[in-house]
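These are the residues of each chain, in order.
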Amino acid sequence: MTRPPRELWARRLALGLLAALVVALLLPVSIAVARPAVTIRVLMPAPFVDATAATVDAFNRSHPRLTIAVTRGPFETESVSDLAISSLLLGDSPYDLLLMDVSWTAKYAAAGWLLPLDDRLGPDPLAGVVSGARQGNVIDGHLWRLPMVASMGLLYWRTDLMERPPRTPAELVAVSRQLQQQGRVRWGFVWQGRQYEGLICDFLEVLHGFGGRWEPDLTPGLGLEQPEAAAAAGWLRQLLVDGISPAAVANFAEPETLQAFETGDAAFMRNWPYAWSELQKPGSHVAGKVGVTTMVAEPGQSPAATQGSWGLSVLRGSSHPDQAVEVLQALTGADSQRRLVKDWGNTPTLTALFEDPELLAASPTLPEQLRALEYSVLRPITPAYAQLSDILQRQLSDVITGGLPAAQAMGRAGQASTLLLESTGGEGTGA
Amino acid sequence: MTTPTPATSASVTVTSATPGSSTSGSLRLEQLLRRIGTRTIVDHLDLTVEGGDCLALLGPSGCGKSSILRLIAGLDWPDAGRILLAGRDITALPPVRRQVGMVFQSYALYPHLSVARNLSLGMEMRGVPRATIERELDRVLVLLQLEELRGRRPADLSGGQRQRVALARALLRRPQVFLLDEPMSNLDAQLREELRPQLRTILCGGSAPVVYVTHDQQEAMGIADRIAVLRDGRLQQCGTPQQLYEQPANAFVARFIGRPEINLLPQPDGSLLGVRPEHLHPVGEGGIAARLLSREWHGASQQLLLSTSYGPLRWVCNGDQPVEAELRLGWEPRRLHRFDGRSSLRLPD
Amino acid sequence: MSRTLRANLVTLVLIAPALLLLLAVFVWPMGYYGWLSLQAQSVFTGLEPVPVGLANWQRLLGDARFWQDAAQTLRFSGVSVGLELLLGLAIALVLHQRWPARGVVRSLTLLPWALPTTVMALGWRWIFNDPNGPINGLLQSVGLATLPFLASPQLAWIAAVVADVWKTTPFVALVLLAGLQMIPADLYEALALEGGHSWQALWRITLPLLRPYIFLVLLFRLAQALGVFDLIAVLTGGGPAGSTESLAVYAYLNAMRFLDFGYSATVMLGMFLLLLLSALLLLLWRRAAEA
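Note that the coordinates shown come from a computational prediction; the quantities given were computed from them, not determined experimentally.

Examining the overall build of chain A
And step 1. A count of helices and strands for chain A gives 17 helices and 13 strands.
And step 2. If you line up chain A on its principal axes, its C-alpha atoms span 110 × 50 × 40 Å.
And step 3. Expressed as a percentage of the 431 residues in chain A, the buried residues total 53%.
And step 4. Within chain A, contacts between residues separated by at least 24 positions form 76% of all contacts whose residues are at least 6 apart in sequence.

Now the structure itself:
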């Protein structure tokens, strides 16, 4: 008895399907075998994930056995630190590389979370880095990070309302008052007055402009108990009292500041370089009417720009430090920075890029940014920085909202800071 | 299944103690109508309860008897008709001004208050002086044997005790009318039997009209002077228990009153022949031929189910009556009821 | 084996899972925090624990910021929970009545509670924005000056209370509504027959019978409010001038920003003791109310 043909076909079909299934099951396995042996995980704040995507893609294409996997962190700077610290506290960090704000470095290094990069990047790895972005990377003789983008405080001014920007605090107030009286702007000057890290950055620039300093070695009170500090804080408070700045700046962070300036409500704004490209976007009322310069300073004092660079560090827990360093070099290298400047309006850290004609065309404020970088100032480099910043934030916020006279508040901040450093043995440059 | 017993001697003392006698009068419902949506819950009802009379509203669940109670209390409002109490139209009065004493099916005792506070709260709210409150309280606590329980909360009382507290609260109201909504339904059967005479003594001895809602015909007959049988919001018949038993106005009333249920035998002319099981007796000839199907023996009586050419037949007789498998059953002509086949109304004898 | 011993053993076995869970989620962390509060473990010790005895506790007692934050947290919790109770009760009473579309409104009322706190805090930050927020828009449109809600130490904590009340009143209303539905309707009818009007019904029946629910919701909300963190962190960051900083925010700063875990644990335990004290007072109040 022969099989009916139909059944034979069914058997062949079943066999064929089985074969297809086996192939389908094995295919991913074979791909996995061929995949690169090492994956380097990087945690970055969300905006930098987008800005480095092209570089990461190019790297992954050209390195078949080494993959960069980027984790999208939160938008807000401090939230990224929270996320990183949470994972670091649990022991084995899931990340090899961390994109860090300059103010975190000392704390992370002291906690033992970072791998010193001293001999891994060849002789003088900071040689090509612009002077303003060079500081804050070497602490206690070790190199802990390599900057990827520079950033510093800038004074934005309205080219349609004045011929040249003010140079002194008094000038800024006078121009503001005149424009306000003429009804051409509602506010003179908008800045970051919320009780958070941004307030410290703004204050540091004004402090230097008044001839003051805020450094762990200074006495009394790290420099805060000097009259210059009281003068700087008092000037900020007076901006609100005189109506040069709205009362609301006491709760302004960068977005609120940008919004107020973008709508044409203010003559001056203190902000970071990213704001320039935002102001040129459609919807901005001040596109093409904005210039950038350094913050005002008293006659005889040089202006200051708080350094706020982002740099990459290798975490000590990384199981592939060599490959992590390779990725670090690629992300901080010239090609990567070129994209960050050209496509995303960031500030480079490599001196050579400031003269690149292509980049100058894309980012016309580069020369002003370079000039500002020459005046760049650092926040205190100590593992206790977060506490010092917190102490000063509270006292400054108290001054700005009219709670305490400036001299008294700065006195308190100075005493509390001194006490803190004494109790932690953290005088000097810490770790 | 007899007419209610007259008030016992105990009722004499209660009568004198029952409050509000001077103001009591009759309760009259005139063409009372209540609708919920498209459903007619109470359908043009006319009823009168004389002061001191106890009327039971009897019917299956959903017949509208509780709704009538709520209309009298003022908890619901009629769509048409009038309610008169002691000659006064109270249809539009808020509940508090009707002066009704109501016992809810659940007793509705305030769970967070002691027995004494449960009883005194109403007087407190009405601003009765403290001394009067104490006096009144003592009076009902004694009357209902609740003195020992005055500090307890409702959760710590038995079902019968709760009922007494609810009764006491209604009494304290010095009501012009007593309303009781299935007050026995939360008690077990034995307790019900025990409490029935007591309840009757307390309620029906006074001069205020009493309206008592129940679905239990036995309870209604045991407590009420008169019974109003309701079906779908309509009054079927109102009369003394004896009238309802002996002269049911229609087949529904005949079936509802008397247990076991009346036998209704369809006649060739379409009418129904009704004869109560307890009115059948064996006859030599005549009557109808029956064959025994089943038998329940209760000692004093026995209940039998028989099959006849008219259908099944219920028979109740003495427990010692010998019963054969095949027999003939007859009845006295005066025990016979006839109902119209279509309208089910009673046909003239 | 005696019968009682066996019964006890069975009991023990049966409650063991619950005990273990309690041990894991409560006793262990609390014990760990207690141990940590006796250590210096911070960035200055290389994150290694170093026993310091009661130094952290001494510091806590003398830490003006801790006590200021404790006062601010208590003020925030007391005012928020008090308002939530009043509003929640009012809403529950309204939702308990019969009226058309009640079901829809009930569900809508719950929406704020379903929203993640961070999202709603961002929303309120915008609402309170000076000058671009809707409230200030309204003030300007009627010719009034704008108010710096989040930039003034006097106003910012009120703004936080408003946001918290908006978010959690629905929860309070929901619990109280459940409580209202447990109260038999005939109690109100009995009261009405005895001459009680609606105000007396609220006072004599609703509130006393709602008391267990009020107690529950107070305990629950107070515990939540005393630990308020995300709302404050997003809305004001504790500012201006530290005027809205809560104990949880302070504990968080010590741990995550300052990397001072020993002191953070001490602050956390201090906060817990405060909570315990509040719960105790609440219990005493309940005892007194029932007696």
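What about the interface of chain A and chain C?
And step 1. Taken residue by residue, the interface counts 27 residues in chain A and 23 residues in chain C.
And step 2. Of all the secondary structure elements, the ones that give two or more residues to the side of chain A that touches chain C are α4 (77-89), α5 (105-110) and α16 (385-400) of chain A.
And step 3. Looking at the side of chain A that touches chain C element by element, the count peaks at six residues for α16 of chain A.
And step 4. Here the side of chain A that touches chain C is composed, by residue class, of 10 nonpolar, 11 polar and six charged.

So, the packing of helix α11 (residues 247-257) of chain C against helix α12 (residues 261-290) of chain C
Residues and elements named next belong to chain C.
And step 1. With their axes 8 Å apart at the nearest point, α11 and α12 run at an angle of 165° to one another. Classified by the angle between their axes, α11 and α12 sit roughly antiparallel to one another. Judged by the twist between their axes, the crossing of α11 over α12 is left-handed. Each of Leu247, Ala248, Tyr250, Ala251, Asn254 and Ala255 in α11 lies in contact with α12, whose residues at this interface are Phe261, Tyr263, Ser264, Val267, Met268 and Met271.
And step 2. Class assignment for the residues of the contact of α11 with α12 results in 10 nonpolar, two polar and no charged.

So, the domain arrangement of chain A
Residue and element names in this part refer to chain A.
And step 1. Segmenting chain A into domains produces domain 1 (38-151 + 308-370) and domain 2 (154-306 + 382-424).
And step 2. The straight-line distance from the C-alpha centre of domain 1 to that of domain 2 is 28 Å.
And step 3. Listed per partner, the contact involves 12 residues of domain 1 and 14 residues of domain 2.
And step 4. Looking at which element gives the most residues to the side of domain 1 that touches domain 2, the answer is α5, with three residues.
And step 5. Of the residues in the side of domain 1 that touches domain 2, the class split is two nonpolar, seven polar and three charged.

A short note on the interface of chain B and chain C
And step 1. If you look at the interface, chain B gives 17 residues, while chain C gives 15 residues.
And step 2. Those elements that place two or more of their residues in the side of chain B that touches chain C are β6 (100-103) and α3 (115-125) of chain B.
And step 3. Element by element, the count of residues in the side of chain B that touches chain C is highest for α3 of chain B, at three residues.
And step 4. Here the residues of the side of chain B that touches chain C are counted per class, giving 12 nonpolar, three polar and two charged.

Regarding the sheet that holds strand β1 (residues 27-36) of chain B
Residues and elements named next belong to chain B.
And step 1. In spatial order, the strands read β2-β1-β4-β5; together these four strands make up an open sheet with antiparallel pairing. The open sheet has two edge strands with one neighbour each: β2 (39-49) and β5 (88-89).
And step 2. As judged from the seven bridges shared by β1 and β2, these two strands associate in the antiparallel manner. When the sheet's bridge partners are listed, Leu29 is paired in β2 with Leu47.
And step 3. Set on the sheet, helix α2 (residues 65-73) makes contact with β1, β2 and β4 (80-85); between it and β2 the angle comes to about 65°.

Topic: the pairing of strand β12 (residues 272-275) of chain B
Residue and element names in this part refer to chain B.
And step 1. Of the pairings in the sheet, the one linking strand β11 (residues 263-266) to β12 comprises four bridges and is antiparallel in character. Note that in β12 the partner of Leu265 across the bridge is Leu273.
And step 2. One ladder, built from three bridges, connects β12 with strand β18 (residues 337-339); its direction is antiparallel. Opposite Leu273, over in β18, you have Arg338 as the bridge partner.

A look at α4 of chain A
Residue and element names in this part refer to chain A.
And step 1. Helix length check: α4, at 13 residues, gives a terminal C-alpha distance of 19 Å against a target of 18 Å (1.5 Å per residue), a fit within 8%.
And step 2. All of the buried residues along α4 are Val80, Ser81, Ala84 and Leu88. Buried residues of α4 fall within an arc of 100° about the axis and therefore sit on the same side.
And step 3. Tucked inside the fold, the buried residues of α4 contact β1 (38-44) and β3 (97-101).
And step 4. Count one or two residues on from α4 and you reach Gly91, which has phi positive near 105°.

Looking at the confidence of the model for chain B
Residue and element names in this part refer to chain B.
And step 1. With 93% of its residues at a pLDDT of 70 or more, chain B has an overall mean of 87.
And step 2. Taken element by element, chain B is modelled with least confidence in helix α1 (residues 10-17), mean pLDDT 33, and with most confidence in strand β9 (residues 226-231), mean pLDDT 95.
And step 3. Predicted confidence is poor over residues 1-23, with pLDDT under 50, and the contacts of this stretch with residues over four places away or in other chains come to 36 contacts.

Quick word on the pairing of β6 of chain B
Within a regular strand, the side chains alternate between the two sheet faces.
All names here are of chain B.
And step 1. Residues Val100 and Met102 point to one face of β6 and Gly101 and Val103 to the other, with burial holding for every one of them.
And step 2. Pairing of β6 with strand β7 (residues 177-181) involves four bridges; the strand directions are parallel. Counterpart to Gly101 in the pairing with β7 is Phe178.

Overview of the packing of helix α9 (residues 198-226) of chain C against α12 of chain C
Residue and element names in this part refer to chain C.
And step 1. One way to put it is that α9 packs onto α12 with a least axis distance of 10 Å and a crossing angle of 165°. In terms of orientation, α9 and α12 fall into the roughly antiparallel class. For the crossing formed where α9 meets α12, the hand is right-handed. Only Met271, Leu274, Leu275, Ser278, Ala279, Leu282, Arg286 and Ala289 of α12 make contact with α9, whose side of the interface consists of Arg211, Phe215, Leu218, Leu219, Leu222, Ala223 and Leu226.
And step 2. Here the residues of the contact of α9 with α12 are counted per class, giving 12 nonpolar, one polar and two charged.

So, unusual backbone geometry
And step 1. The omega torsion across Arg259 of chain B and Pro260 of chain B is -5°, close enough to zero to call that bond cis.
And step 2. Note that the residue after Asp130 of chain C, namely Pro131 of chain C, is joined by a cis bond; omega there is 10°.
And step 3. In this structure, Pro131 of chain C sits in the loop between α5 (117-127) and α6 (134-141).
And step 4. Although it is not a glycine, Gln145 of chain B adopts a positive phi angle of roughly 50°.
And step 5. Mapped onto the elements of the fold, Gln145 of chain B is located in the loop between α4 (130-143) and α5 (159-172).
And step 6. Owing to 12 C-beta atoms within 10 Å, Gln145 of chain B belongs among the exposed residues under this scheme.

Details of the sheet that holds β18 of chain B
Residues and elements named next belong to chain B.
And step 1. Spatially, β11-β12-β18 is the arrangement adopted by the three strands of the open sheet, whose pairing is antiparallel. The sheet is open, and its two edges are formed by β11 and β18, each paired on a single side. On average, each strand axis in the sheet is tilted by 25° relative to the strand beside it, whichever way the strands run.

Looking at the confidence of the model for chain A
And step 1. The predicted model of chain A has a mean per-residue pLDDT of 89, with 90% of residues at 70 or higher.
And step 2. In this model, residues 28-32 of chain A is a region of pLDDT below 50 whose contacts with residues beyond four sequence positions or in other chains number zero contacts.

Some remarks on helix α15 (residues 366-374) of chain A
Residue and element names in this part refer to chain A.
And step 1. Taken together, the buried positions of α15 are Leu366, Gln369, Ala372 and Leu373. One side of α15 carries all its buried residues, which in axial view fall inside an arc of 115°.
And step 2. Next to the buried residues of α15 lie α6 (131-134), β7 (154-158), β11 (305-306), α14 (357-362) and β13 (376-377).

Here's the deal with the arrangement of the chains
And step 1. The protein chains that touch form two pairs of chains, and the pair with the most contacts between them is chains A and C.
And step 2. Nowhere do chain A and chain B come into contact; their C-alpha atoms are at least 51 Å apart.

Criteria and cut-off values
- Note that residues are indexed from 1 along each chain, following the sequence as it is written.
- In the order they appear in the text, chains get letters beginning with A and ligands get numbers beginning with 1.
- Confidence filtering applies because this is a predicted model: local features only for residues at pLDDT of at least 70, side-chain atom pairs given and counted only at 80 or more, and all residues used for totals across whole chains, interfaces and linings.
- The secondary structure listing takes helices from DSSP runs of H or I that are at least 4 residues long and strands from runs of E that are at least 2 residues long, numbered from the N terminus.
- Burial in this document is a count-based property: other C-beta atoms within 10 Å of a residue's C-beta are tallied, and the residue is buried at 20 or more, exposed at 12 or fewer, or partly exposed in between, with C-beta positions derived from the backbone.
- In this description, any two residues whose backbone-derived C-beta atoms lie within 7 Å of each other are considered to be in contact.
- Each residue is assigned to one class: nonpolar for Ala, Val, Leu, Ile, Met, Phe, Trp, Tyr, Cys and Pro, charged for Asp, Glu, Lys and Arg, and polar for all the others, Gly among them.
- Here an axis means a line fitted to C-alpha atoms, over the contact stretch when the element is a helix, while the angle between two N-to-C directions is reported on a 0 to 180 degree scale.
- Angle categories: roughly parallel below 35 degrees, roughly antiparallel above 145, roughly perpendicular from 65 to 115, and oblique for all the rest.
- For a crossing to be left-handed, the near helix must be turned anticlockwise from the far one by less than a right angle; the clockwise case is right-handed.
- Residue ranges labeled as domains rest on an automatic or database domain assignment.
- One bridge is not enough; two strands pair if DSSP finds at least two bridges between them.
- A helix is expected to reach a length of 1.5 Å times the quantity of its residues less one.
- The directions from the helix axis to the C-beta atoms are what the arc is built from.
- The pLDDT value expresses, per residue, how confident the predictor is, ranging between 0 and 100.

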